[in-house]
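Breakdown of the fold
Listed below are the residues making up each chain.
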Amino acid sequence: MARVNVRKGGRADVPFVLDLGKRTIESSVSAERDWTRERTGENYDRLIEYALGQSHELLVAQEGADRLGFVLYLDELPDEVTGSPQAFVVYAAVEPHARRKGVGRALFTAFEESARGRGLPYVSLMVTEQNVAARELYAQLGYVTERRQLCKRL
Ligand SMILES: CC(C)(COP(=O)(O)OP(=O)(O)OC[C@H]1O[C@@H](n2cnc3c(N)ncnc32)[C@H](O)[C@@H]1OP(=O)(O)O)[C@@H](O)C(=O)NCCC(=O)NCCS
């Protein structure tokens, strides 16, 4: 386990969120989709810009002066079916060199504490079928599959 500290992030962390996200977003590309790194990167930039314009929280994992990962979540995006309040993860990632050391688990533990502290009764996220690392992490933390997103190539 890395001696990782998870803190609240701010404006100064946005370049890190943009950079690490674009280096790791490939993990979220579904095997069903044609994609280019350029368009996916631009799309990621737009997603982060959108999220930062909403009610959100950014958590950053750090060891010494080094940023190792982050979770960015929205806290005013209720479940679309029931309307129940929730914390919804926009994106999360850990630096490739820092993986399998408990940083992801530390980030998501802090995320849950933060959401609970805001009185939110649920945490929610989307994960790509082929993203084994993330799916395994979420399964370990007790997340269950709630809905399925279907796709068909025309
Ligand atoms: C998913 C991710 C955040 C996990 O971060 P991490 O710091 O490596 O995770 P941890 O070290 O805390 O791992 C916790 C558990 O998750 C599971 N896990 C993590 N990486 C795994 C892998 N590559 N394969 C299988 N299980 C894995 C394991 O059960 C692990 O526990 P263990 O190491 O005791 O076996 C990281 O792989 C990542 O940044 N991926 C790219 C971005 C991404 O997919 N983000 C999620 C978008 S939904």
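Presented here is an overview of the structure given in this document. (Residues numbered from 1 in each chain as written. Predicted model: local features only at pLDDT ≥ 70, side-chain atom pairs only at ≥ 80, totals over all residues.)

Structural notes on the overall build of the chain
Put simply, the rule reads: Under the DSSP-based scheme used, a helix requires at least four consecutive residues in state H or I and a strand at least two consecutive residues in state E, with every element numbered from the N terminus. The globule rule is 2.2 Å times the number of residues to the power 0.38, and the radius of gyration it is compared with is taken over C-alpha atoms. Counts of 20 or more other C-beta atoms within 10 Å of a residue's own C-beta define buried residues, counts of 12 or fewer define exposed ones, and intermediate counts define partly exposed ones; C-beta atoms are placed from the backbone. By the convention adopted here, residues are in contact when the distance between their C-beta atoms, placed from the backbone, does not exceed 7 Å.
A tally of helices and strands in the chain yields four helices and five strands. Moving toward the C terminus, one meets the helices and strands of the chain in the order β-α-α-β-β-β-α-β-α. Its C-alpha radius of gyration of 15 Å places the chain within 12% of the 15 Å reference for a compact globule of 154 residues. Along the first, second and third principal axes, the C-alpha set of the chain runs to 50 × 35 × 30 Å. Taken across its 154 residues, the chain has 24% of its residues classed as buried. In the chain, the proportion of contacts linking residues at least 24 apart, taken out of those at least 6 apart, comes to 65%.

What about helix H3 (residues 103–117)?
Quick note on the threshold: Helix span, expected: 1.5 Å multiplied by one less than the number of residues in the helix.
Spanning 15 residues, H3 covers 21 Å between terminal C-alpha atoms, matching the ideal 21 Å at 1.5 Å per step. Turning to H3, the residues buried within the fold contact strand S1 (5–8), strand S2 (56–63), strand S3 (66–74), strand S4 (87–94), strand S5 (123–124) and helix H4 (132–141). Positioned one or two residues after H3, glycine 119 has a phi angle of 80 degrees, which is positive.

Re the site of the ligand
The following threshold applies: Near residues are defined by distance alone, with the backbone-placed C-beta atom required to lie within 6 Å of the molecule or strand.
Around the ligand, 21 residues are found, and the nearest of them are Arg99, Gly104, Ala133, Glu136 and Leu137. Within the residue set of the shell around the ligand, elements represented by two or more residues are S4, H3 and H4. Tallying contributions element by element places H4 first for the shell around the ligand, with six residues.

What to know about the nonpolar core
Keep this limit in mind: Here a nonpolar core is just a set of buried residues of the types Ala, Val, Leu, Ile, Met, Phe, Trp, Tyr and Cys, joined wherever their C-beta atoms sit within 7 Å.
Judged by nonpolar contacts, the single largest core of 31 residues is most densely connected at Ala61, Phe70, Val71, Leu72 and Leu107. When contributions to this core are tallied by element, the ones reaching two or more residues are helix H1 (14–24), helix H2 (37–52), S2, S3, S4 and H3. Per-element tally for this core: the top contributor is S4, with eight residues. Residue contacts for phenylalanine 70: discarding those within four places in its chain leaves Gly9, Asp13, Phe16, Val17, Leu20, Leu58, Leu59, Val60, Ala61, Ala92 and Ala93.

As for unusual backbone geometry
If you check the backbone angles, arginine 100 has positive phi at about 60 degrees while not being a glycine. Secondary-structure assignment places arginine 100 in the loop between S4 and H3. You can call arginine 100 exposed: it has 9 C-beta atoms within 10 Å.

Some thoughts on the pairing of S4
Basically, it comes down to this: Note on pairing: DSSP must find at least two bridges between two strands before they are called paired.
Counting buried residues along S4, eight of its eight residues qualify, which places the element largely inside the surrounding structure. Judged from the two bridges that link them, S4 and S5 form a sheet pairing that is parallel. Across the sheet, the residue bridging to phenylalanine 88 is serine 124, located in S5.

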